Amino acid sequence: MRILLVLWICLPYLLNAQGSLEQQIQLAEQKLEVLKAEEEKLNAELESLKLLKIHEDMQNLGLPKCSMPGELIRHAAITLRYSEDHEQAIWVAHMILPDVKTGNISRSNDFRPDPLVKSGSAVEADYFLRTLQKDSSYLYDGFGYDRGHLAPSADFRWSQKALSESYYYSNMSPQVPELNRGRWSELEDALREYAIRKNQAVFVVTGGILEENLPRISRSVNQVSIPKLFYKVVLDPANRRAIGFVMPNQNCTYPLTSYACSVDSIEQLTGIDFFGNYPEQVEASFQVYEWLGPREQQDVDPLPVAGLPRNHFNTVQAKIYADSGEVIKVCGKVVSTKLSGKGNIFLNLDKSFPNQIFTVSIFKDKTANFSYAPEEYLKGKTICIKGKVSDYNGVPSMIIENEKDIEIWESE
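A short tour of the structure in this document, coming up. (Residues numbered from 1 in each chain as written. Predicted model: local features only at pLDDT ≥ 70, side-chain atom pairs only at ≥ 80, totals over all residues. Heavy atoms only, no water.)

## Focus on the sheet that holds strand E11 (residues 260–261)
Under the convention used in this document: The pairing criterion is simple: DSSP has to find at least two bridges between the two strands. Only DSSP runs of H or I reaching four residues or more are called helices, and only runs of E reaching two or more are called strands; each is numbered from the N terminus. Should any heavy atoms of two residues lie within 4.5 Å, those residues are considered in contact. Here the axes come from fitting lines to C-alpha atoms, over the contacting stretch only for helices, and the angles between their N-to-C directions go from 0 to 180 degrees.
Across the sheet, which stays open at both edges, the seven strands sit in the order E1-E2-E3-E8-E9-E10-E11 with antiparallel pairing between neighbours. The open sheet has two free edges, formed respectively by strand E1 (71–74) and E11, since each of these has just one partner strand. In terms of strand pairing, strand E10 (residues 241–248) meets E11 through two bridges, oriented antiparallel. Considered in E11, the bridge of Gly-244 is made with Cys-261. Its contacts with the sheet put helix H4 (residues 183–198) on strand E3 (88–96), strand E8 (202–208), strand E9 (229–236) and E10, and the angle it makes with E9 is roughly 5 degrees. Sheet strands touched by helix H5 (residues 263–270): E9, E10 and E11. Its angle to E10, the strand with the most contacts, is close to 45 degrees.

Listed below in structure tokens is the structure:
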């Protein structure tokens, strides 16, 4: 009875305490909503300021200048000069910010005409036809070319506005799929990694080399030109270095370093003056390995074909002989090695894992045929391997069983 009496006396106080806690929870939730709204407002303001800073920086460093007629178009994060004759940009300029490291905005894929191009930009029907079927699905009829971003959308994953604008057709150029999804994509990745690694913004200008009598996409409604070559020039103003890259519009099989060149050489090739407000001596030379990460620092260019003996091939040529059954000699520098947990040995020539272009395998039961440990002794040496080339997941590979299959040319 006493317990019931105590509960009866204390019940109002317990109910009041419970009511007070519920009010405190509601108040905290309201405060959190206010903070979230304020955070969204500040993030939007910060994004706008960064976009304004991009335009200011590009203007200060110097937008490209050329004599080719075209319309200057300024978007939130990219500036371009559009050629109506070729139905694509002569050049597209943008900045890669270190913010790309933490950006989490996904691809929008909202390809659409550029509303700022007065003469009208390219459109979807310049690259493929899409037909609505009776079952409400679409039938796609492609014209053989990817809609290659000049300023890649992934460079803008920190800004919803900038990423969306990167899908304007004014930022597209017809690239063969092997280029767009291969070495060109690798180049874009490398430049993002550079900006993140250096924690610096870099200024990038990209375009197809537009000239008279280029072939056209015959089925496109606007007869879009197909560049034979694509270029990309990059400036890191904080570290006072610049570099250029030129790639043919085809499957580029050589390592990325093989397509590097000075900015000056691309100016001569295109007739475009890049980074006009920056000291010209920076454009005259380049050090490609300054732009690559630690993993790529050890990579080298394949051996020049002209310097190889008869019936000797470099690591790029080896792919031609994959699964042919022919016994050939493939030459290159051992840039990385691996001894697996099972005792198998792998040697990568010229380019290291995971971007290897030629791999040599020595299985555990054959290691006794070597008077040295191949994974240690051969690293850094230029060698020629004799055997049959096979294709392993797209990478030319060779299996050898004896040290007699290896000819050592030189050491580091």
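Now, onward.
## Some thoughts on the state of the cysteines
Just so we agree on the cut-off: Cysteine sulfur atoms that pair up within 2.5 Å are treated as a disulfide. Working definition: with a 1.4 Å probe on protein chains only, accessible area under 20% of the residue-type maximum means buried, over 50% means exposed, and in between means partly exposed.
Under the defined criterion, the tally for this structure stands at one disulfide. Here Cys-331 is linked by a disulfide to Cys-384, with a sulfur-sulfur distance of 2.0 Å. The disulfide joining Cys-331 to Cys-384 has a torsion of about 105 degrees about its S-S bond and is therefore right-handed. With Cys-331 in strand E13 (residues 327–339) and Cys-384 in strand E16 (residues 382–392), the pair connects residues that are 53 residues apart, well separated along the chain. Residue class for Cys-331 comes out buried when judged on its relative accessible area of 0%. Free cysteine Cys-252: the closest other cysteine sulfur is in Cys-261, separated by 13 Å.

## Topic: the pairing of strand E5 (residues 138–142)
Sheet topology note: the strand E4 (residues 128–132)/E5 ladder contains five bridges and is antiparallel. The residue of E5 that forms the bridge with Phe-128 is Gly-142. The loop that links E4 with its antiparallel partner E5 comprises five residues; one of these, Ser-136, has a positive phi angle of about 70 degrees.

## Looking at the pattern of salt bridges
Using the following cut-off: In the sections that follow, a salt bridge refers to a side-chain nitrogen of Lys or Arg positioned within 4 Å of a carboxyl oxygen of Asp or Glu.
Taken as a whole, this structure holds 14 salt bridges when the rule is applied. Notably, a salt bridge pairs Arg-183 with Glu-186, separated by 2.8 Å at the nearest N-O pair. Placement of the pair is Arg-183 and Glu-186 together in helix H4, with a separation of three residues, close to one helical turn. Each member of the pair, Arg-183 as well as Glu-186, carries the same accessibility label: buried. With a closest N to O distance of 3.1 Å, Arg-241 and Glu-290 form a salt bridge. With Arg-241 in strand E10 and Glu-290 in the loop between helix H6 (281–284) and strand E12 (312–314), the pair connects residues that are 49 residues apart, well separated along the chain. Under the relative-accessibility criterion, Arg-241 is labelled buried at 17%. Taking the relative accessible area as the measure of exposure, Glu-290 reaches 35% and is therefore partly exposed.

## Some points on the nonpolar core
For clarity, the cut-off: Take the buried residues of types Ala, Val, Leu, Ile, Met, Phe, Trp, Tyr and Cys, join any two whose side-chain atoms come within 4.5 Å, and each joined set is a nonpolar core.
Residues Phe-203, Val-205, Tyr-231, Phe-274 and Phe-275 are the most contacted members of the largest nonpolar core, which totals 77 residues. Looking at this core, the element that brings in the most residues is E3, giving seven residues. Every residue in contact with Phe-203, bar those within four places of it in the chain, is listed here: Met-58, Leu-61, Gly-62, Leu-63, Ala-93, His-94, Met-95, Val-233, Val-234, Leu-235 and Phe-275. Grouped together as the second largest cluster of nonpolar side chains are 22 residues, Tyr-321, Ile-328, Val-330 and Val-334 included.

## Concerning unusual backbone geometry
Here the residue pair Phe-353 and Pro-354 is connected by a cis peptide bond, since its omega of 10 degrees sits within 30 degrees of zero. Positive phi, close to 65 degrees, is recorded for Asn-311, a residue that is not glycine. Structurally, Asn-311 is set in the loop between H6 and E12. A positive phi angle, near 65 degrees, is found at Asp-323, a position not held by glycine. With respect to the secondary-structure elements, Asp-323 resides in the loop between E12 and E13.

## A few points about the side chain of Lys-351
Within the fold, Lys-351 resides in the loop between strand E14 (345–349) and strand E15 (359–362). If we skip the residues at most four places from it in the chain, Lys-351 touches Glu-186, Pro-255, Asp-299, Val-335, Gln-356 and Ile-357.

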